[in-house]
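Results of the structural survey
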Amino acid sequence: MSNQGVPVLILKEGSSRSRGKDAQHTNIMAARIISEAVRSSLGPKGMDKMLVDSLGDVTITSDGRTILDEIDVEHPAAKMMVEVAKTQDDEVGDGTTTSVIVAGELLNKAEELLKKNVHPTVVIDGYRRAADKALETLENIAIPVEATDREALKKVAMTSMASKLVAENREELAEIAVDSILHVAEKVGDEYRADLDDILVEKKPGESVTDTKLIKGIVLDKEVVHPGMPKRVEKAKVALLDTALEVEKTEFDAKINIETPEQMEAFLQEEENMLRNMVDKIGKAGANVLICQKGIDDMVQHFLARKGILTVRRAKKSDMEKLSKATGGKVVTNLEDMTEDDLGYAELVEERKIGDDKMTFIEGCKNPKSVAILVRGGTERIVDEAERSIHDALCVVRDVVREPKILVGGGSPEVEVARSLREYAETLPGREQLAVQSFAEAMEIVPVTLGENAGLDPIDIASDLRARHEKGEKWAGVDVYEGNVKNMEKLEVYEPLAVKKQIIKSATEAASMILKIDDVIASGKMKAPPMPPGGAGGMPPGYGGMPPGY
Ligand SMILES: Nc1ncnc2c1ncn2[C@@H]1O[C@H](COP(=O)(O)OP(=O)(O)O)[C@@H](O)[C@H]1O
Ligand SMILES: [Mg+2]
């Protein structure tokens, strides 16, 4: 308002603005709705979700990131929670659901403090201190292992798959994950490095998950282009090409006047010569296998077949990079430049029938480190979920190889962190103490949710766990199968330290970021989430694209 009481408009019409406590409350609520949505899928007893996209495609999963990727979220604070899952997945590959749940609970506890008139910056500061302390505690209780200790790695992989659709087959899949990572791992100084990019994962519905195989080489989901070509080439010299083997079409409409049959003949002859030339170049370089990223003209296919060159076309760009690394060949852009030096080498290139389709296997590559996993499973949805589970398993094994320290799962490290935070809080002055205590309580959401999903009473579980940890049982956690509190080390539930550390980091960061906002200015159509009866606790139906009762 100006002095005379005339409103001064600075925002465009249709913009909305909410400020102060209102803005905070709405943001916290939107974020919590997201964390509530994934809660029921945490842990081995968690439920799966069936997600249907706008085209009617169905995904069945319990993977936090996948769930959040598939649901269309509109509220900006809710979007930030989706980002938490993404960061967690990109950094360490597992713990996505947990990080979102912890972030949601940190916000829930923060709101209680805000209601008691604790200023948001005090909460944020307290949370930051608590997070530092939590990371320290995790480091202290972590169990060091050998980076190449197969047994330990396998247990970590098995824990990551305990909560998946493919849990039944986790033993075989864990073996494959450990084998592949150890195969591509490299020792640099005192440390090991393993890059997931060196492992090609290809899926094909059919047979069952137990038929998933590790291949020492590369698999392409492509068949040999021409029936006249060999289907098997030993001692293969592999040309990798990323241009089309076709006569280029002009960009403009061009007109050629052909007046006599001879001219027509000459024109066609010229075109054929150009195509024949291309094949000659490849032949001259000495290749007997050609993998092309683009299309290949029918006539070129025919010429290649006559030369006995096994050819695959329209390979994925990412696969071309892996092929280049595996075979030692160079991806050639200009055919004119191709020489023998550009060719890669593999002991065997062969087309094999897998299910109803044909796939091309490139084995015994020059670089023995390249591996591929061919994922199988009864239906497309099972194969998809198997692939996601293998991705998680590969990630956790890599995490431990990189930073060889593990923690025991089942919510036990979270309770231990909470215990040490309560001790730490005692040393702090008034309001910050409250924030650290709230952080400690928020950590307990992990065992509580694991228990709830197994049908246990959350209050019993929480008090039982607190009591045991006070007595020094640092690995007391929730045995979701027996339905009680147990020493989780005995159950061999192991997880990478890196995953647990990242959960604390991503969740604290997201919660702080949301708490810092006290003014939301939106141009146009952003909708505020409707208020559920009784405040922020419940789930408003129909919000943000989630079906009622989600
Ligand atoms: N056998 C088990 N008993 C109890 N808890 C388990 C067991 N296996 C895994 N967990 C716990 O389940 C949680 C992970 O669940 P998951 O659904 O994979 O979520 P996230 O996406 O966070 O990884 C971890 O806290 C882990 O310790
Ligand atoms: Mg997991």
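Structure: see above.
Report follows, based on the coordinates. (Residues numbered from 1 in each chain as written. Chains lettered and ligands numbered in written order. Predicted model: local features only at pLDDT ≥ 70, side-chain atom pairs only at ≥ 80, totals over all residues. Heavy atoms only, no water.)

1. Observations concerning the overall build of the chain
Secondary structure summary: the chain contains 16 helices and 21 strands in total. Principal axes of the C-alpha set define a box for the chain whose edges measure 95 × 70 × 40 Å. In the chain, which comprises 550 residues, the share counted as buried stands at 50%. For the chain, contacts bridging at least 24 residues in sequence account for 75% of all contacts bridging at least 6. Of the roughly 26400 Å² that the chain leaves accessible, carbon and sulfur atoms contribute 48%. Taking the average location of the 74 positive side-chain charges in the chain and that of its 98 negative ones, the two points are 2 Å from each other. (Helix = DSSP H or I, 4+ residues; strand = E, 2+ residues; numbered from the N terminus. Buried < 20%, exposed > 50% of the residue type's maximum accessible area, 1.4 Å probe, protein only. Contact = heavy atoms within 4.5 Å. Areas by Shrake-Rupley, 256 points an atom, 1.4 Å probe, with all protein chains shown as cover. Lys, Arg positive; Asp, Glu negative; His and termini not counted. Charge placed at Lys NZ, Arg CZ, Asp CG, Glu CD.)

2. Details of the sheet that holds strand E8 (residues 213-215)
Taken together, three strands build an open sheet; the order of strands is E7-E16-E8 and the sheet is mixed. Edge positions in the open sheet fall to strand E7 (199-203) and E8, since each of these has one partner strand only. Shown here is a sheet whose adjacent strand axes are inclined to one another by a mean of 25 degrees, direction ignored. Taken together, the five bridges between E7 and strand E16 (residues 371-375) define a ladder with parallel strand orientation. The residue of E16 that forms the bridge with Val-201 is Ile-373. (Pairing = 2+ DSSP bridges. Axes fitted to C-alpha atoms, helices over the stretch in contact; angles between N-to-C directions.)

3. Focus on the site of ligand 1
Taken together, 22 residues lie near ligand 1, and Asp-94, Thr-97, Thr-98, Gly-410 and Glu-495 sit nearest. In the environment of ligand 1, an oxygen atom lies 3.0 Å from a nitrogen or oxygen atom belonging to the backbone of Gly-43. The contact in question runs from an oxygen atom of ligand 1 to an N or O atom on the backbone of Gly-95, over 3.1 Å. Surface burial for ligand 1 is 96%, taken as the share of its 570 Å² of free accessible area covered by protein chains. (Near = heavy atom within 4 Å. Polar contact = N/O pair within 3.5 Å; in protein donor to acceptor, adjacent residues only side chain to side chain.)

4. Thoughts on the environment of Ile-143
By the secondary structure assignment, Ile-143 is in strand E4 (residues 143-144). Separated by 129 residues in the primary sequence, Ile-143 and Glu-272 have C-alpha atoms spaced 68 Å apart. Those residues in contact with Ile-143 that sit more than four places away from it in its chain are Pro-404, Lys-405, Ile-406, Val-408, Trp-475, Glu-489 and Tyr-494.

5. Comments concerning the side chain of Arg-39
With respect to the helices and strands, Arg-39 occurs in helix H1 (residues 20-39). Taking the relative accessible area as the measure of exposure, Arg-39 reaches 15% and is therefore buried. Here the side chain of Arg-39 touches Thr-449 through a polar contact of 3.4 Å, side chain to side chain. Here Arg-39 is in contact with Ile-101, Ile-445, Val-448, Thr-449, Glu-452 and Asn-453, once residues within four sequence places are set aside.

6. Regarding the sheet that holds strand E17 (residues 405-408)
In spatial order, the strands read E4-E17-E20; together these three strands make up an open sheet with antiparallel pairing. The open sheet has two edge strands with one neighbour each: E4 and strand E20 (494-496). One ladder, built from two bridges, connects E4 with E17; its direction is antiparallel. Counted as the bridge partner of Pro-144 is Lys-405 from E17.

7. Some remarks on unusual backbone geometry
Backbone geometry at Glu-207 places phi at a positive 50 degrees, although glycine is not the residue there. With respect to the secondary-structure elements, Glu-207 resides in the loop between E7 and E8. We note that Glu-492 has phi near 55 degrees; this positive angle belongs to a residue other than glycine. With respect to the helices and strands, the residue Glu-492 is situated in the loop between strand E19 (484-487) and E20.

8. Notes on the environment of Thr-360
Mapped onto the elements of the fold, Thr-360 is located in strand E15 (residues 357-365). Put simply, Thr-360 and Ser-324 are 36 residues apart on the chain and 16 Å apart in space, counted from C-alpha to C-alpha. Excluding residues that lie within four positions of it along the chain, Thr-360 makes contacts with Ile-218, Val-219, Leu-220, Lys-222, Glu-223, Val-224, Val-312, Val-349, Glu-350 and Glu-351. Within the local environment of Thr-360, its side chain forms a polar contact with the backbone oxygen of Lys-222, the two atoms lying 2.7 Å apart.

9. Digging into the pattern of salt bridges
Evaluated as defined, the whole model comprises 44 salt bridges. A salt bridge links Lys-133 to Glu-136; the shortest N-O distance between them is 3.6 Å. Here Glu-136 and Lys-133 lie together in helix H5 (residues 120-141), a separation of three residues that amounts to about one turn. On the basis of relative accessible area, Lys-133 is assigned to the partly exposed category, the value being 23%. (Salt bridge = Lys/Arg side-chain N within 4 Å of Asp/Glu carboxyl O.)

10. Notes on helix H13 (residues 430-443)
Taking 1.5 Å of rise per residue, the 14 residues of H13 would be expected to cover 20 Å, and the 21 Å separating its terminal C-alpha atoms lies within 8% of that figure. Looking at H13, one finds that the buried residues are Glu-432, Gln-433, Ala-435, Val-436, Ser-438, Phe-439, Ala-440, Ala-442 and Met-443. Summarising the contacts, the buried residues of H13 are in contact with helix H4 (96-115), H5, helix H12 (412-425), helix H14 (445-453) and helix H16 (497-516). (Expected span 1.5 Å × (residues − 1).)

11. Comments concerning the nonpolar core
The biggest cluster of nonpolar side chains holds 110 residues, and the ones touching the most others in it are Phe-439 and Leu-515. Here the element with the most residues in this core is helix H11 (residues 380-402); it accounts for 10 residues. Within the second largest apolar cluster, 51 residues are counted, among which are Ile-218, Val-233, Val-279 and Val-332. (Core = buried A, V, L, I, M, F, W, Y, C linked by side-chain atoms within 4.5 Å.)

12. Regarding the environment of Thr-449
Here Thr-449 shows up in helix H14. Residue class for Thr-449 comes out buried when judged on its relative accessible area of 0%. In the structure, Thr-449 is positioned 47 residues away from Pro-496 in sequence and 20 Å away in space, judged by C-alpha atoms. With residues up to four places along the chain from it excluded, the contact list for Thr-449 reads Arg-39, Leu-42 and Ile-101.

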